[in-house]
Amino acid sequence: MDFLANAVMGFQIALQPMNVFFCLVGVLIGTLVGVLPGLGPVAAISLLLPSTFHVSPVSAIIMLAGIYYGAMYGGSTTSILVNIPGEAASVVTCLDGYQMARKGRAGPALGISAFGSFIAGTLSIVGLMFLAPPLAEMALQFGPPEYFSLMLLGLIILTFLAGGSMPKALMMAAFGLFLGLIGMDIMTATPRFTFGIYFLSDGVGLVPVVMGLFGISEVLLNVETRLKQDVFETRIKGLLPNLQDWKDSAWPILRGSVIGFFLGILPGGGAVISSFVSYAVEKKISPHPEKFGTGVIQGVAGPESANNSATGGAFIPLLTLGIPANAVMAMLLGALIIYGMQPGPMLIRQHPDLFWGTVASMYVGNVLLLVLNLPLIGLWVKILKIPYPVLFPLILLFCLIGVYSLNNNAGEIGLMLFFGGVGYLMKKFSYEAAPLVLALVLGPMMENALRQSLIMSDGGAGIFFTRPISLVIVLISLSLLILPLLPWVSKKREVVKDMAEEE
Amino acid sequence: MTMKNNDQRSSLFWLVAGLAIAFYSVKYGLGALSSPGPGFVPFLSGLAIATLALVVFLQQLPRASKEKLSDLWVQKDWPKVLVVMGALVLYAVVFKTLGFLLSTFLLIFFLLRAIEPLSWKKVFLGAICTALGSYVVFQVWLAAQLPEGILGF
């Protein structure tokens, strides 16, 4: 059977000592940045991207992927022990995780997040293995109109799910789209909106924007509020959840895995949203919803499983369509292009070693994380005790070096600082940064697809409505735009928004 | 119109920004629908920004309150933000001439002392260790090409 042969090949690649080493480095760095508040996988990947240029693409992607799912493991530790999310996807884990720690149950909370993450991570890799190849085959039939509609849908889903004001989120998507168009026009070689700044003709780089919006601005916000970090001073004993814990968590873990995987596939879905949805679902179906927030293990097991499962799902649009589902995937997309591969439906066929090797390495990585993480929790706790005034100059320095070393261009440092300021103001005025980043990546692709479609149809916008696949996608997009106007849906969105703001 | 909330203030900014983008895009050539020019999609994005900004502004009309701009900075130590930003901008400016080691030492030295002051000894040691440590990791080990500057090595 083809599938089996491919899987075996994948493991042969993933288990090569060199690749196991890179996987290990990836998951360790991932856990570290997950543990540290204010430093996320996107920043870590952009920092390490230049250093991967001299290893093989497969090893590089294995390591970069490891950073991503490793961060999801690490984020929970900070949420549970410090009540500060180490990672945006671990925000909801604070609610019950920290309460469990206060009740002296930090051990089981950490333990169940690790086991839940492992189970969910493994399940989602299985899903990725089975779903991605047939989806890629289907995607081969997509032309420019389908691609355009699909990317538009991705942006709309993200703004729909993001919570908060939808017009504001859409505005950020449009702004990101514009930023993505800055630079040389591919069809006519006209430099656009470069204002005579030379390096802008290559376009606005993703790394400076992301590190500015997520790295620098985060530090600025923390500096002005003076973060208090009280690591929970208690002996962490008994990491293993007991039988009752397992009974309580088994279903939340499974439900979280399914929710995470499918929300992860959606462009713009991702880990953050799936953890919120999982928490909401668990609370809704629990016989004792009032106990949520006081330290129930379901409130930890569900979301932590969901955010890990989402990482597997997020690879699907990247590997089958070449469309990144979130900022991390956008970084990986950039990496693939630098390594000379064209992400898209042909990727699995042309580079089976890359696809199957990476997928198999994710099994290896999840095992490594489970084996390593529980014993290493003591170390992470020590790192968490580094006071913020000492930590933040280091975070800033990492951002500076990371942005500079990508192209050895001091102008990009300026660009990052500019977006650091923009991101700070966006947070102040509550504008979402995620749609901006996704649109920035999709911008050039969307422009191409739109222009090609219009050329194909000789100027008729009807092309998006007459081709069946495109029509379906457009209809879904439209309904997502209209839905929030209906009263009962808008009420639901408010609730999710409030939950997000409580933190 | 004297009563505005902060969503309206920010949406006015985006309204102007969107119109400016759309306006400049025309210069690059919109082309025809059957062969869109380089300014076509930027024009659409600018128009979208402006339209959405208008929607936000109108949505907020019934909710206009006496919310002040300064409400966003209540109980915040905002001068520190400016200090950090200033230090970073300065770093970007002198980075090439002074070189990585020296400018990094100065940046860390300043940040450790200016925001939540540590003792001089800790500040000094911290800055030296950070500059040398990051140099070893990034320049020697990861082979990033950081500028040498006036120290010249």
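S.K.: Mind showing me how you'd approach the overall build of chain B here?
M.R.: Along chain B, the regular secondary structure elements total five helices and two strands. The order of helices and strands in chain B, counted from the N terminus, is α-β-β-α-α-α-α. In terms of overall dimensions, chain B is more spread out than a globule: its C-alpha atoms have a radius of gyration of 24 Å, far above the 15 Å expected for 153 residues. With respect to the principal axes defined by its C-alpha atoms, chain B has extents near 60 × 50 × 20 Å. The buried share among the 153 residues of chain B stands at 34%. A fraction of 62% describes how many contacts in chain B between residues 6 or more apart in sequence connect residues 24 or more apart.

S.K.: How should I be thinking about the overall build of chain A in this particular structure?
M.R.: The secondary structure content of chain A amounts to 21 helices and two strands. In summary, chain A has a C-alpha radius of gyration of 22 Å against a globular reference of 23 Å for 503 residues, a match within 12%. For chain A, the spread of C-alpha atoms along the three principal axes comes to 70 × 55 × 55 Å. The long-range share in chain A, meaning contacts at least 24 apart out of those at least 6 apart in sequence, stands at 79%.

S.K.: Can you help me understand unusual backbone geometry in this one?
M.R.: Most peptide bonds are trans, and most residues other than glycine sit at a negative phi. Residue and element names in this part refer to chain A. Even without being a glycine, S430 presents a positive backbone phi close to 45°. On the basis of neighbour count, S430 is assigned to the partly exposed category, with 15 C-beta atoms found within 10 Å. Despite not being glycine, D458 shows a phi value in the positive range, around 60°. Relative to the elements of secondary structure, D458 occurs in the loop between α18 (434-456) and α19 (463-466). Classification of D458 by C-beta neighbours within 10 Å gives exposed; the count is 11.

S.K.: Help me understand the packing of helix α11 (residues 270-285) of chain A against helix α12 (residues 298-321) of chain A in this model?
M.R.: Between two packed helices, what matters for the description is the angle formed by their axes and the separation of those axes. All names here are of chain A. Relative to each other, α11 and α12 sit at 145°, their axes nearing to 8 Å. At the point where α11 passes α12, the crossing takes the right-handed sense. The residues of α12 that touch α11, namely those facing G270, A271, S274, S275, S278, Y279 and E282, are Q298, G299, G302, P303, A306, N307, A310, T311 and A314. When its residues are assigned to classes, the contact of α11 with α12 shows six nonpolar, nine polar and one charged.

S.K.: For this particular structure, what's the right way to read the confidence of the model for chain B?
M.R.: Low-pLDDT portions of the prediction should not be read for the details of their coordinates. All names here are of chain B. Of all residues in chain B, 91% attain a pLDDT of 70 or more, and the chain-wide mean is 83. Across chain B, the secondary-structure element scoring lowest on mean pLDDT is strand β1 (residues 31-32), at 80, and the one scoring highest is helix α2 (residues 40-60), at 90. Overall fold confidence for the complex sits at a pTM of 0.81, while the interface term, ipTM, reaches 0.90.

S.K.: Explanation requested: the interface of chain A and chain B in the structure shown.
M.R.: How large an interface is tends to be reported as the accessible area lost when its parts come together. Each partner contributes residues to the interface: chain A has 46 residues there, and chain B has 50 residues. Where the side of chain A that touches chain B is concerned, the elements lending two or more residues are α8 (166-181), α9 (206-225), α16 (388-407), α17 (410-428) and α18 of chain A. The leading source of residues in the side of chain A that touches chain B is α8(A), at nine residues. When the residues that make up the side of chain A that touches chain B are grouped by side-chain class, the tally is 27 nonpolar, 10 polar and nine charged.

S.K.: Looking at this structure, how should I read the domain arrangement of chain B?
M.R.: Taken domain by domain, chain B consists of domain 1 (6-71) and domain 2 (78-151). Measuring from the centre of the C-alpha atoms in domain 1 of chain B to the corresponding centre in domain 2 of chain B gives 39 Å.

S.K.: Just to check I follow, could you spell out the environment of V277(A) for this structure?
M.R.: All names here are of chain A. The topology assignment puts V277 in helix α11. By C-beta crowding, V277 is classed as buried, having 23 other C-beta atoms within 10 Å. V277 sits 29 residues away from A306 along the chain, and the two C-alpha atoms are 8.7 Å apart. Residues within four places of V277 in sequence aside, it is in contact with I259 and L263.

S.K.: For this particular structure, what's the right way to read the packing of α9(A) against α17(A)?
M.R.: Residue and element names in this part refer to chain A. Contact geometry for α9 and α17: axes closest at 7 Å, N-to-C directions at 55°. By the angle class used here, α9 and α17 are oblique. As α9 packs across α17, the resulting crossing turns out to be right-handed. Every residue of α17 that contacts α9 at P208, V209, M211, G212, L213, I216, S217, L220 and L221 is listed here: E412, L415, M416, L417, F418, F419, G420, V422, G423, Y424 and K427. In terms of residue class, the contact of α9 with α17 is made up of 14 nonpolar, four polar and two charged.

S.K.: When you look at helix α4 (residues 57-82) of chain A in this model, what are you seeing that I'm missing?
M.R.: Side chains that are three or four residues apart share a direction in an α-helix, a result of its 3.6 residues per turn. Residues and elements named next belong to chain A. The end-to-end C-alpha distance of α4 is 37 Å, a good match for the 38 Å that 26 residues give at a rise of 1.5 Å each. The largest bend in α4 comes to about 25°, at A71. Judged by how many residues are buried, α4 sits mostly within the fold: 26 of 26 residues are covered. Following α4 by one or two positions, N83 has its phi on the positive side, about 65°.

S.K.: Explain the environment of E116(B) to me, please; I cannot follow it from the model alone.
M.R.: Mapped onto the elements of the fold, E116(B) is located in the loop between α4 (100-114) and α5 (120-141). Residues E116(B) and K80(B) lie 36 residues apart in sequence; the distance between their C-alpha atoms is 9.8 Å.

Rules used throughout
- Residues numbered from 1 in each chain as written.
- Chains lettered and ligands numbered in written order.
- Predicted model: local features only at pLDDT ≥ 70, side-chain atom pairs only at ≥ 80, totals over all residues.
- Helix = DSSP H or I, 4+ residues; strand = E, 2+ residues; numbered from the N terminus.
- Rg over C-alpha atoms; globule rule 2.2 N^0.38 Å.
- Buried ≥ 20, exposed ≤ 12 C-beta atoms within 10 Å, placed from the backbone.
- Contact = placed C-beta atoms within 7 Å.
- Axes fitted to C-alpha atoms, helices over the stretch in contact; angles between N-to-C directions.
- Left-handed = near helix turned anticlockwise from the far one by under 90°.
- Nonpolar A, V, L, I, M, F, W, Y, C, P; charged D, E, K, R; others polar.
- pLDDT = per-residue confidence, 0-100.
- Domains from an automatic or database assignment.
- Parallel < 35°, antiparallel > 145°, perpendicular 65-115°, else oblique.
- Expected span 1.5 Å × (residues − 1).
- Bend = angle between axes of the 7 residues up to and from the residue.

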